[in-house]
Amino acid sequence: MIFLILVIALIAIAIVAFITWFLALKAEGKCPLCALKQLLPTRLTINTAEDEDYSNNAKKTPIMGWSSWNTLRNHIDEDIIYETAEAMKRSGLANAGYEYINLDDCWQSSLRDSDGKMQGDLETFPSGIDNLIKKINALGLKVGLYSSNGTLTCEDLPASLGNEDLDARTFASWGAEFFKYDFCHHEYINGDTPIIEFIDISKKGEKAFIKLKPEHAKYTGRAKAVKCSDLPSKQGIGYLNHGAGTATFTENISQGGDYVFTIRYNKTFTRKPQYLQIIVNGRVNEIFFPATSPFTHDARLQAIIKLDSGENVIKLMNPVVTRADSSYIQYRRMGDALKNASKAWAEYTNTPEKPIIYSLCEWGTAHPWNWGRKAGNMWRTTHDIMPHWASIMLIYSKNVDLYKYARPGHVNDPDMLEVGNGKLTKDENISHFTLWCMMAAPLVLGNDLRRLDSNSKSAKDILDIVTNKSMILIDQDPLVKPAKRIKKSMTVDILARPLQNGDVALCLLNKSSSKKTINFEIDTLCDEKYLDFGRSSHGYEVHDLWTDERMRQDDITATIPKHGVKAYRISNS
């Protein structure tokens, strides 16, 4: 009986809390039902149909290179990075296709320079990042840099949120050709928008000559004119929050240029900055209202916004409903900055453009495979990898099911390679590398390349694995269609990947802790529509990608060691 009373009391409290919240939002000129949609954080509600796929004239197949994080963590300096670049050349890795030397977190100083620009650590990179990039470029290699879509990086150093344009211009001027954008210290854009009482438009230093009033707007969705809390007889533009609707004005301007928009808004108590987009002729201008306390009930905020001569369509909206919406806007913002910066620098210096491959390291939090191709070149699908078989399998199992989202210039990123790190066995290293090639993943080494100069068997084994030409050709296939898992079990998975010349790459993965023998009928590949593979009446040409053995047969019988793979390229010609 006591338990029942307690449950009823809790339900009553929840109902009262919900009603209080609902009425409070309505009083603030916000749509409560629209705000409820934020409870689905990974769902993208922004309509991206009119947004073009991200295109920056960069290579269309997954990148190949090396990153500093897995081995060196936060202990990097310009000597170690250059020595690694030399090792990439000396070892033959560059000849195998590896070309990027990527500096992860901790290349930067905790101090921005006097112009607000990022700069290399003043002790560990004393020659400057631009000089280091020039030296590495002279080896025929490219350089990548790192920042975070937050107030700080994962190692609590300056990051790029709010400094996207400046940082992109800096990286482009240094000659960077890859950029990883992490997710630490991230701050989500708020779906809330205050009541907009009116907007004055003026030239700088002059009186306003246009006033955008709520009664002049054309509304869509739930957006509408509402009463203001400071003066009930006064109206403002409300119900813009969480994608509720839009308010649009059309104004004719005799002379195009930059204008001052003075936004008068209604204040309420808020803990987080609120958000508004002012879209002028398709150009998005982002407005962030500070967290406020209503000591007075109205406030103003100013922005410099470009207007065109002639007709200007000015739309007010807040498209942010979920966290996925927020991530999309922010990652796309940096992508646009990188594209503009590389083009502008090429024009300024009259040199060929160096496109910056853009890596969204959002950890898969907001399902970036649903929107990543509109924002960047590659997107992390999981949290960080570790040099353990269990970690590799966890990441593989998530990433392999996302095959349909990749295409040329836009790939799933299951994180860097751990080949040669930790206590992975030779078979586990081969499996790890094979799976990443099958999944059309970036091949970014994370081991210490300087150790490959050793004459040890382990160093030779690692080099042989990551320079396997046949597997690299699979990874770099121009079709960029990752493998589909055509059979899944507790012990053995079978993956098949279509290739541009009509061949199919086949991988037999033994996930178990004991060896397994399996038989595979090649004809079954013809039943998979995704593979578009024709049946052969005279047997199939089968190339073992690790032994280099070639044979003509109708089926494959393979004994696979624990945590091992067998990989083949199969032709029906």
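For the structure itself, look to the data block above.
Residue indices begin from 1 for each chain and proceed along its sequence in written order. Totals for whole chains, interfaces and linings use all residues, but because this is a predicted model, local features are given only for residues with pLDDT of at least 70 and pairs of side-chain atoms are given and counted only at 80 or more. The side-chain values count all of the structure's non-hydrogen atoms but skip hydrogen atoms and water molecules.

Here we take up the overall build of the protein. Elements are defined by DSSP. Helices are runs of H or I of four residues or more, strands are runs of E of two residues or more, and each kind is numbered from the N terminus. What the protein contains, in helices and strands, is eleven helices and 27 strands. In terms of its C-alpha atoms, the protein occupies a principal-axis envelope of roughly 85 × 70 × 50 Å. Per-residue accessibility, obtained with a 1.4 Å probe over protein chains only, is compared with the maximum for each type, and a residue is labelled buried under 20%, exposed over 50%, and partly exposed between these values. Out of the 573 residues in the protein, the part that is buried amounts to 54%. In this count, Lys and Arg are taken as positive residues and Asp and Glu as negative ones, while His and the chain termini are left out. Charge positions are represented by NZ for Lys, CZ for Arg, CG for Asp and CD for Glu. Charge centroids of the protein, computed over 69 positive and 69 negative side chains, lie 5 Å from each other.

The next subject is the sheet that holds strand β3 (residues 142-148). Read across the sheet, eight strands follow the order β18-β17-β16-β4-β3-β2-β1-β19 without closing on themselves; strand pairing throughout is parallel. Every other strand in the sheet has two partners, leaving β18 (411-413) and β19 (443-445) as the edge strands with one partner each. Across the sheet, the mean angle separating the axes of adjacent strands is 25° when strand polarity is ignored. Two strands qualify as a pair provided that DSSP identifies no fewer than 2 bridges between them. Pairing of strand β16 (residues 357-360) with strand β17 (residues 378-380) involves two bridges; the strand directions are parallel. In this analysis, axes come from line fits to C-alpha atoms, helices being fitted only over the stretch in contact, and the angle between any two N-to-C directions falls in the range 0 to 180 degrees.

This next bit is on helix α9 (residues 426-438). Along its 13 residues, α9 runs 18 Å from first to last C-alpha, staying within 8% of the 18 Å computed at 1.5 Å per residue. With eleven of its 13 residues buried, α9 lies for the most part within the structure. Those residues of α9 that fall on the buried side of the exposure criterion are Glu428, Asn429, Ile430, Ser431, His432, Phe433, Thr434, Leu435, Trp436, Cys437 and Met438. Looking one or two residues beyond α9, the residue adopting positive phi is Ala440, at roughly 55°. For a helix, the expected span equals 1.5 Å multiplied by the residue count minus one.

What follows concerns a positive patch on the surface. For patch building, the residue pool is restricted to those with more than 30% relative accessible area and no salt bridge; the joining distance is 9 Å between like charges and 5 Å between nonpolar side chains (Val, Leu, Ile, Met, Phe, Trp, Tyr). Computed by Shrake-Rupley with a 1.4 Å probe, the accessible areas treat only the displayed protein chains as cover when residues are assessed. Each reported salt bridge corresponds to a side-chain nitrogen of Lys or Arg within 4 Å of a carboxyl oxygen of Asp or Glu. Together, Lys26, Lys37, Arg43, Arg222 and Lys224 make up a positively charged patch on the protein surface. Note on placement: Lys37 falls in the loop between α2 (32-35) and β1 (64-67). We classify Lys37 as partly exposed; its relative accessible area is 44%.

With 97 residues, the main nonpolar core has Tyr98, Leu103, Trp107, Phe433 and Trp436 as its most contacted residues. For this core, the element with the most residues is helix α7 (residues 323-349), which contributes eight residues. When checking whether two residues touch, look at their non-hydrogen atoms; a contact exists if any pair is within 4.5 Å. With sequence-adjacent residues up to four places away left out, Phe433 is seen in contact with Tyr98, Leu417, Val419, Leu443, Ile465, Val466, Met471, Ile472 and Trp546. In this text, buried Ala, Val, Leu, Ile, Met, Phe, Trp, Tyr and Cys residues form a nonpolar core when linked through side-chain atoms within 4.5 Å. One finds Ile196, Phe249, Phe261 and Tyr265 within the second-largest nonpolar core, a separate group that totals 28 residues.

Read these as layout, nothing more, since geometry by itself doesn't imply function.
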